[in-house]
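Here are the chains, one letter per residue:
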Amino acid sequence: MRAAGVVARLAYGAAFTLALPAALVLWARAAATTVDLPALQSTPAGAALLAGGVLLAISSMRALWVHGGGLPMNAFPPPHRVTRGPYAWLAHPIYVGFVASCAGASLLAGSAAGLWLVTPAAAAGCAALVFGHERHDLRRRFGEASPRPWLSLAPDEDRPASAAERAAALLLVHGTWFLVYEGALALGRPRVVLSPWLPGERDWPVWVGTVPIYASISVRAALAPLLPRTARDVRELCVRALLVFGLAGLLYLALPFAADPRPIAGDSLLARVLAFDR
């Protein structure tokens, strides 16, 4: 390899492993006084996310070096497709590890700007790079991925869905909903609250006996990814669910509704279940 090529690769690697993280840290510090959202701090969760993200990224880079014959550089891509190690489970594990590291560092530092601004921006940048460049480049050089990573959308094929595809759908659907819902809860109660109650609804009694019907909705939703018959049906369910969750996240941010729970009469098992759910 010529000296110019070595220098180019070193500069490219330094830009993404040194300059980019430093720029994100400086951005989070500069925006600390402008992001008026809860500053969550958790040493255990932050350390776990940061360490897990770094280990995932490093092990993925090693897999590209050992099995792909190169490094994770779009300008100088590895000559061989890698489907081993972390790439057997995720299509883009380096980006997943990077975003997890951003979230972990933000939780460790208790940085609201890091968690609510820098981390989502990093995730959006990774997604733009994947959908705008890498996906097309990989298809051009290697064709469709075979075998597919486990945690991915099922293929658009009219055949019975496998157990692995159904399990991946469960994690994709419910994992995404968990992040959207818990993220909305972590934002806390908005300063200006709109009441969702209809006229007179606030005084309606809570019928504890209907808790099994109410709870059955969650059970049915949890089992939904197991019901489609074909791989195409599983894929369509996941795509629709992800679109709905994205819309729900936007509505959580745009509509500051907050409903204070009505009092629950009695101390029966169903009443305690309902109170726990709240």
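Residues numbered from 1 in each chain as written. Predicted model: local features only at pLDDT ≥ 70, side-chain atom pairs only at ≥ 80, totals over all residues. Heavy atoms only, no water.

Broken down by element type, the chain carries eight helices and zero strands. Along its sequence from the N terminus, the chain presents helices and strands in the succession α-α-α-α-α-α-α-α. Counting only C-alpha atoms, the chain reaches 80 × 55 × 30 Å along its principal axes. For the chain, with 278 residues in total, the buried portion stands at 26%. Pairs at least 24 residues apart make up 78% of the contacts formed inside the chain by residues separated by at least 6 positions. (Helix = DSSP H or I, 4+ residues; strand = E, 2+ residues; numbered from the N terminus. Buried < 20%, exposed > 50% of the residue type's maximum accessible area, 1.4 Å probe, protein only. Contact = heavy atoms within 4.5 Å.)

A few words now on the packing of aromatic side chains. All told, the structure shown has five aromatic pairs when counted by the stated rule. Between the aromatic rings of Trp-177 and Phe-245, the centroid separation amounts to 5.2 Å while the plane-to-plane angle is 40°, which identifies the pairing as tilted. Highlighted residues: Trp-177 in helix 5 (residues 163-186) and Phe-245 in helix 7 (residues 231-254), separated in sequence by 68 residues. Among the aromatic residues, those joined into a ring-pair cluster are Trp-177, Tyr-181, Phe-245 and Tyr-252. (Phe/Tyr/Trp six-rings, centres within 6.5 Å; stacked < 30°, edge-to-face > 60°.)

Looking now at the pattern of salt bridges. Enumeration over the complete set of coordinates arrives at six salt bridges. Among the ionic pairs, Arg-141 bridges to Asp-137, the shortest N-O distance being 3.0 Å. Note that Arg-141 and Asp-137 are positioned in helix 4 (residues 112-142) at a spacing of four residues, about one turn of the helix. On the accessibility criterion, Arg-141 (29% relative accessible area) is partly exposed. Arg-159 serves as the salt-bridge partner of Glu-157, at 2.7 Å between the closest nitrogen and oxygen. Given a relative accessible area of 36%, Glu-157 falls into the partly exposed group. By relative accessible area, which is 28% here, Arg-159 ends up partly exposed. Here the residues in one salt-bridge network are Asp-137, Arg-140 and Arg-141, joined through shared partners. (Salt bridge = Lys/Arg side-chain N within 4 Å of Asp/Glu carboxyl O.)

Over its 26 residues, helix 2 (residues 43-68) runs 36 Å from end to end, which matches the ideal 38 Å to within 8%, given 1.5 Å per residue. If you check which residues of helix 2 are buried, you get Gly-46, Gly-53, Ala-57, Ser-60, Ala-63, Leu-64 and Gly-68. Residues of helix 2 that are buried in the fold lie against helix 3 (93-109). Two or three places before Ala-45, at the start of helix 2, stands the capping residue Ser-42, its side-chain oxygen 3.3 Å from that residue's backbone nitrogen. Of the residues flanking the end of helix 2, it is Gly-69, one or two places downstream, whose phi is positive at about 75°. (Expected span 1.5 Å × (residues − 1). Polar contact = N/O pair within 3.5 Å; in protein donor to acceptor, adjacent residues only side chain to side chain.)

Our focus in this paragraph is the side chain of Ser-60. As for its placement among the helices and strands, Ser-60 is situated in helix 2. With a relative accessible area of 0%, Ser-60 lands in the buried category. A distance of 2.7 Å separates a polar atom in the side chain of Ser-60 from the backbone oxygen of Leu-56. The residues contacting Ser-60, other than those within four sequence positions of it, are Pro-86, Tyr-87, Pro-93 and Ile-94.

Quick look at the nonpolar core now. Grouped together as the largest cluster of nonpolar side chains are nine residues: Ala-154, Ala-161, Ala-169, Val-173, Ala-231, Val-234, Cys-238, Ala-241 and Phe-245. The set of elements that each furnish at least two residues to this core consists of helix 5 and helix 7. The element that contributes the greatest number of residues to this core is helix 7, accounting for five residues. Excluding anything up to four places from it in sequence, Val-173 contacts Pro-225, Cys-238, Ala-241 and Phe-245. (Core = buried A, V, L, I, M, F, W, Y, C linked by side-chain atoms within 4.5 Å.)

Let us look at the packing of helix 5 against helix 7. Two measures define how a pair of helices packs: the angle their axes make with one another and the distance between the axes. In contact at an axis separation of 10 Å, helix 5 and helix 7 are set at 5° when each is read in the N-to-C sense. Considering the angle they form, helix 5 stands roughly parallel to helix 7. Taken together, the residues of helix 7 that come into contact with helix 5 (itself represented by Glu-165, Arg-166, Ala-169, Leu-172, Val-173, Thr-176, Trp-177, Val-180, Tyr-181 and Ala-184) are Ala-231, Val-234, Cys-238, Ala-241, Leu-242, Phe-245, Ala-248, Gly-249 and Tyr-252. Of the residues belonging to the contact of helix 5 with helix 7, the class tally is 15 nonpolar, two polar and two charged. (Axes fitted to C-alpha atoms, helices over the stretch in contact; angles between N-to-C directions. Parallel < 35°, antiparallel > 145°, perpendicular 65-115°, else oblique. Nonpolar A, V, L, I, M, F, W, Y, C, P; charged D, E, K, R; others polar.)

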